[in-house]
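# Architecture at a glance
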Amino acid sequence: MNCELITKERAGVINPIFTCQPAGAQFASIGIKECIGIVHGGQGCVMFVRLLISQHLKESFEIASSSVHEDGAVFGALNRVEEAVDVLLMRYPDVKVIPIITTCSTEVIGDDIDGVVIKLQEELLNTKYAGREVHLIPIHCPSFVGSMIHGYDTAVRDFVKYFAEKGETNGKINLLTGWVNPGDVTALKHLLAEMQVDATVLFEIESFDSPLMPDGNHTSHGNTTIADLKDTANAIGTLALNKYEGAKAAQYLEKEFDIPTIIGPTPIGIRNTDTFLKNLKRMTGKPIPESLVRERGIALDAITDLAHMFLADKKVAIYGNPDLVIGLAEFCLDLEMKPKLLLLGDDNLSYAEDPRIKALQENVDYDMEIVMNADLWDLEGRIKDGLELDLILGHSKGRFVAIDYNIPMVRVGFPTYDRAGLYRHPVVGYAGAIWLAEEMANTLFADMEYKRNKEWVLNVW
Amino acid sequence: MPYHEFDCSKCIPERKKHAVDKGPEDDLTKALPLGYLNTIPGSISERGCAYCGAKHVIGTPMKDVIHISHGPVGCTYDTWQTKRYISDNDNFQLKATFATDVKEKHIVFGAEKLLKQNIIEAFRAYPDIKRMTIYQTCATALIGDDIDAIAQEVMDEMPDVDIFVCNSPGFAGPSQSGGHHKINIAWINNKVGTVEPKITSDYVINYVGEYNIQGDQEVMQDYFRRMGIQILSTFTGNGSYDELRSMHGAHLNVLECARSAEYICNELRVRYGIPRLDIDGFGFEPLSSSLLKIGRFFGIEDRAQKIIDEETARWKPELDWYKERLMGKRVCIWPGGSKLWHWANVIHEEMGVKVVSVYTKFGHQGDMEKGIARCEQGALAIDDPNELESLEAMYKLKPDVIFTGKRPGEVAKKIRVPYLNAHAYHNGPYKGYEGWVRFARDIYNAIYSPIHQLSYLDISRDDIPGDGGFRTQRMISDVNLSQEVRTSKNLREYTGKYDTISPLREKTYPEFNK
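In this text the structure is predicted, and so the values were computed from the model without any measurement. (Residues numbered from 1 in each chain as written. Chains lettered and ligands numbered in written order. Predicted model: local features only at pLDDT ≥ 70, side-chain atom pairs only at ≥ 80, totals over all residues. Heavy atoms only, no water.)

Right, let's talk about the overall build of chain A for a bit. Secondary structure assignment for chain A yields 18 helices and 15 strands. For 461 residues, the compact-globule formula gives about 23 Å, and the C-alpha radius of gyration of chain A, at 23 Å, lands near that figure. C-alpha extents for chain A along the principal axes are approximately 75 × 50 × 50 Å. When burial is assessed residue by residue, chain A has 63% of its 461 residues classed as buried. For chain A, restricting intrachain contacts to residue pairs at least 6 apart in sequence, the fraction spanning at least 24 positions comes to 75%. For chain A, the accessible area works out to roughly 16700 Å², and carbon and sulfur atoms hold 49% of it. (Helix = DSSP H or I, 4+ residues; strand = E, 2+ residues; numbered from the N terminus. Rg over C-alpha atoms; globule rule 2.2 N^0.38 Å. Buried < 20%, exposed > 50% of the residue type's maximum accessible area, 1.4 Å probe, protein only. Contact = heavy atoms within 4.5 Å. Areas by Shrake-Rupley, 256 points an atom, 1.4 Å probe, with all protein chains shown as cover.)

This part is about the environment of Ile100(A). All names here are of chain A. Position of isoleucine 100 among the secondary structure elements: in strand S5 (residues 97-102). Of the residues examined, isoleucine 100 reaches a relative accessible area of 0% and is grouped as buried. Sequence-wise, isoleucine 100 and valine 85 are 15 residues apart; in three dimensions their C-alpha atoms are separated by 9.0 Å. Isoleucine 100 has contacts with Ile38, His40, Val81, Val85, Ile113, Val117, Leu136, Ile137, Pro138 and Ile139, leaving out every residue within four places of it along the chain.

All names here are of chain A. Where burial is concerned, the two faces of strand S7 (residues 173-176) agree: the one with Ile173 and Leu175 and the one with Asn174 and Leu176 are both buried. Here four bridges tie S7 to strand S8 (residues 199-202), and the two strands are oriented parallel to one another. Bridge pairing links leucine 175 to valine 201 in S8. A crossover connection joins S7 to the parallel S8 through helix H8 (residues 182-194); in handedness this β-α-β unit is right-handed. Direction of pairing for S7 relative to strand S9 (residues 237-240): parallel, over a ladder of four bridges. Across the sheet, the residue bridging to leucine 176 is alanine 240, located in S9. (Pairing = 2+ DSSP bridges. Right-handed = clockwise from strand over helix to strand, strands pointing away.)

Turning our eyes to something else, we now look at helix H8 (residues 176-190) of chain B. Given a rise of 1.5 Å per residue, 15 residues ought to cover 21 Å, and the 21 Å separating the end C-alpha atoms of H8(B) matches this to within 8%. Listed as buried for H8(B) are Gln176(B), Ser177(B), Gly178(B), Gly179(B), His180(B), Ile183(B), Asn184(B), Ala186(B), Trp187(B) and Ile188(B). (Expected span 1.5 Å × (residues − 1).)

Time to look at the sheet that holds S9(A). Strand pairs in the sheet, formed through backbone hydrogen bonds, run parallel or antiparallel to each other. All names here are of chain A. One open sheet holds the four strands; their spatial order is S8-S7-S9-S10, and the pairing between them is parallel. The open sheet has two free edges, formed respectively by S8 and strand S10 (261-263), since each of these has just one partner strand. Pairs of neighbouring strands in the sheet enclose a mean axial angle of 15°, with direction left out of account. Each of S7 and S8 is contacted by H8, which is oriented at about 170° to S8, the strand it contacts most. (Axes fitted to C-alpha atoms, helices over the stretch in contact; angles between N-to-C directions.)

This paragraph deals with the packing of helix H4 (residues 78-91) of chain A against helix H6 (residues 113-127) of chain A. Residues and elements named next belong to chain A. Two elements in contact, H4 and H6, have axes whose closest approach is 10 Å; the angle formed by their N-to-C orientations is 45°. Viewed along their axes, H4 and H6 adopt a mutual orientation that is oblique. Once H4 is placed against H6, the crossing between them reads as right-handed. Here Leu78, Val81, Glu82, Val85, Asp86 and Leu89 of H4 come into contact with H6, specifically with Ile113, Val116, Lys119, Leu120, Leu124 and Leu125. Looking at the contact of H4 with H6, its residues break down into nine nonpolar, no polar and three charged. (Parallel < 35°, antiparallel > 145°, perpendicular 65-115°, else oblique. Left-handed = near helix turned anticlockwise from the far one by under 90°. Nonpolar A, V, L, I, M, F, W, Y, C, P; charged D, E, K, R; others polar.)

Tallied over the entire structure, the rule returns 37 aromatic pairs over all chains. Between Phe27(A) and Trp179(A), the ring centres sit 4.6 Å apart and the planes meet at 10°, which makes this aromatic pair stacked. In this pair, Phe27(A) is assigned in helix H1 (residues 21-29) and Trp179(A) in the loop between S7 and H8, connecting sequence segments 152 residues apart. For the pair Phe27(A) and Trp179(A), one class covers both residues: buried. Taken together, the ring pairs in this structure connect Phe282(B), Trp343(B), Phe403(B), Tyr425(B), Tyr430(B), Trp436(B) and Phe439(B) into an aromatic cluster. Directly above the ring of Tyr366(A) sits Lys338(A), whose terminal nitrogen or CZ lies 5.5 Å from the centroid. One Lys or Arg, Arg303(B), reaches over the ring of Phe512(B) and ends 3.7 Å from the middle of that ring. (Phe/Tyr/Trp six-rings, centres within 6.5 Å; stacked < 30°, edge-to-face > 60°. Lys NZ or Arg CZ within 6 Å of the ring centre and 35° of its normal.)

Moving on, we get to the pattern of salt bridges. All told, the structure shown has 67 salt bridges over all chains when counted by the stated rule. Across the pair Asp313(A) and Lys338(A) runs a salt bridge, and its minimum N-O distance is 3.0 Å. Remark: Lys338(A) occurs in strand S12 (residues 338-344) and Asp313(A) occurs in the loop between helix H13 (307-311) and strand S11 (315-320); sequence separation between them is 25 residues. Here Asp313(A) falls in the partly exposed class, since its relative accessible area comes to 49%. Given a relative accessible area of 25%, Lys338(A) falls into the partly exposed group. Here Glu218(B) and Arg505(B) are joined by a salt bridge, their closest N and O atoms 2.6 Å apart. You can see Glu218(B) sitting in helix H9 (residues 216-226) and its partner Arg505(B) sitting in helix H23 (residues 502-506), a full 287 residues away along the chain. One connected set of salt bridges, linked through shared partners, spans Asp222(B), Arg226(B), Lys306(B), Glu310(B), Glu311(B) and Lys507(B). (Salt bridge = Lys/Arg side-chain N within 4 Å of Asp/Glu carboxyl O.)

Attention now moves to the environment of Asn363(A). Residues and elements named next belong to chain A. Note that asparagine 363 resides in helix H15 (residues 355-363). For asparagine 363 and leucine 52, which are 311 residues apart along the polypeptide, the C-alpha to C-alpha distance reads 38 Å. A polar side-chain atom of asparagine 363 sits 2.9 Å from the main-chain carbonyl oxygen of alanine 359. (Polar contact = N/O pair within 3.5 Å; in protein donor to acceptor, adjacent residues only side chain to side chain.)

We now examine the confidence of the model for chain B. Summarising the model, chain B shows a mean pLDDT of 96, and 99% of its residues fall at 70 or more. The ipTM for the predicted assembly is 0.96, set against a pTM of 0.97. (pLDDT = per-residue confidence, 0-100.)

Residues and elements named next belong to chain A. Grouped together as the largest cluster of nonpolar side chains are 136 residues, with contacts concentrated most on Phe159, Phe203, Leu379 and Leu393. With eleven residues, helix H18 (residues 429-450) is the single largest residue contributor to this core. Setting aside residues no more than four positions away along its own chain, leucine 379 makes contact with Ala317, Tyr319, Leu341, Leu343, Leu389, Ile392 and Val401. (Core = buried A, V, L, I, M, F, W, Y, C linked by side-chain atoms within 4.5 Å.)

A separate point is the pairing of strand S12 (residues 380-383) of chain B. In regular strands, side chains alternate between the two faces of the sheet. All names here are of chain B. Across the two faces of S12 the burial is the same, with Leu380 and Ile382 and Ala381 and Asp383 all buried. Strand direction decides the pairing type here: strand S1 (residues 19-21) and S12, joined by three bridges, are antiparallel. Note on S12: the bridge partner recorded for valine 20 is alanine 381. Once you follow strand S11 (residues 354-360) into helix H16 (residues 365-374) and on to S12, the crossover reads as right-handed.

Attention now goes to unusual backbone geometry. The amide bond that connects Leu202(A) to the next residue, Phe203(A), takes the cis arrangement and shows omega of -5°. Along the chain, Phe203(A) falls in the loop between S8 and helix H9 (226-231). The amide bond that connects Phe235(B) to the next residue, Thr236(B), takes the cis arrangement and shows omega of 0°. Although it is not a glycine, Asp258(A) adopts a positive phi angle of roughly 55°. Structurally, Asp258(A) can be placed in the loop between helix H10 (247-257) and S10. Relative accessible area serves as the criterion here: at 65%, Asp258(A) is assigned to the exposed category.

Rendered as structure tokens:
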């Protein structure tokens, strides 16, 4: 067997690929309209996560902190949650949804946020805010378990679990996008529209590519509504595109409301997009229209210009969110490239059981390593030890590996703050396949010119 | 009463004493907002935590050190690559960050063994680096790991390494400021005096409270070297761990950011008798008087004066070009802790702008005292601002530009107020004579952006001018300037290069007789 699945041997992390759970829950929370989360912990857990997401999206949005200080850490800090809820509700009259997201500190001291939510419901909400629709949702995110991926998955599940409410069948499908960009949501909605499929998109973050308008609009926010979330129980089916980001919610809906569910594949590349359309067709009975045949043809046409001439045999390392990494690796193989190293940045034991990873292990005919619980030292160390790469695919936190070792890199995933506007471009769907293939090719072209490495080839392309 | 009550904060009366309007008759005894108090939960304050104050602000700019955080991975990841404190050793401190990756089992059974493994692994990964700082986080503070004991154990086993421990968990104080204090005190208690200084000059300083944002430290270092002054250590931008252990050998502590680093200066005075001199690298006049003060201290005023004359002659015409065009523009100085008083007044004097508001996220009353004293009448001063108050202030004050952080800058952008990054700078460095011109240039480019002007046009309602395919900044900025100013031979736009720091690293300096 050439494809090895291993776990990082070192105990610690040098240059992490992921941040911790609360960041994932916060990213999920901003997808909901009229929602401001309260992160129960130190202020840095919010301030830096807001900065991180804001660097990526080049937008601002609101998330509050319970601002736990020393006294709270010693004596318990539930009073800080109570005060935070009240202050938030007083000053943000439109807010209806308040997830209360724990962190390592408040999990260690054992603050009972489920209990305080009941108390707030009975006392504060029934008196001072009687008549106002307010939903307090405890979300447990001990930072020492899992990663931001886990936090996102948990938060999506908890939101759905809280709101989903059986009613009349709505004829729609639930589309759980996973941790994606506004551009991905646009691309997915486009595919749904072409298929004439009515869907509830969770979460509707397309609006985070927000305009600068003449009337001023000071923050951006997601557009998934309470009604959308309630109605998830009444769909004809759920498609969760990512196994590790959103599947928990899909499984909950399946178990609780018998909603047929398909999890994955992440529609990255032509083949996975085809499967996505097939799944849509299977779930709704709607045919795949001619327009998408044509769109797919455009993608194939564009990619054929690149694949066997420029991309074939190029050796790639890929790191980031697990579904993204696997999807990119699959697409790279279709493009005749050679993913040599895949880095999955947390200790999720179920990666070993992922059928896509198993398929790689069974079929890859050259040396490939898949490292679990990986960090970016797993990339840098291997390069130092002689791993030859033509391209790196990953997020901005790994930029110095590319810079220091002179390896061209395509920024993809989250966060991508060191390149302009990437949140606008999809990696999913046929549009995403075109963008990825062309971005990889153009990055290689620029590198050929910069290094004077057969740059004259492009004279007659 | 000069207290400023925000409409959005009427429902939280404790906010009332956190903002003042500087009125004509008010003195500071009446017009001083409260400061450095506990944050109001849920107010969407912009404050960070004490861990970040210790690790991210002060610890990490040290350049030849493995910076490791003992806790879950998030604290490390989130504070990594979010600042621009560069160094002359290829930015090691920006590139590499370390987390012990505490997991649930460690929370239950303790993470000391994990920490030790981490320390050894990290030194193995970077065999050339022999120095380490370990930062406690909320999680490991609460489980009570004895980090100092583990560090000592490793130092006993590996005699060629040295480790500094900073116990400043995120919850330790109302803001980052708590962490500044903790790391200052921990450093003087544990590290100062453990390496003997290498003295090469008669004039030896520690440069304290300077973090080399976009090269600020290297700009100032250039002036000091031209004066024949030895910089024994810089606390901490571009600073070296072992040099900082020898801080006790300096003749003078030259203090830049008094918010974050006055503690160590005060302790150095008490314990080693080294005097503290507060200086200011921003703005021609404050910088010149700072250099003169240092010169006077050592009796080498002439050397300072030479630099002042050269630099002023070189850069003043460029500063004045911008001053003519920035006259009367309304600015908000909304930084973290100290830049409100570093910039207020001098920016008015030397760039002609009007400071309509100052705020501080983690400053104390002393910072406000200085800030308010230096800004113009009518200015609004806010302590620990929050999202809604900042918005209300911008709508009311209608600033032409604000200086703040990246994310609040995005809020401002949407209501068509351009922003400059007060923490990391747009096109810095901003210290030094040339740096101050670069700041003026950034302000000018922000305010007179032709695209910015277009954002006011509502194409569905307004008359679309349709009078040409472009505007230059000059077409906007020079409309009301006199012919004399517009064509002045004594004024010129900025002529420096994009990178002003790399050439400094190649520079050689004159030998002064000892």
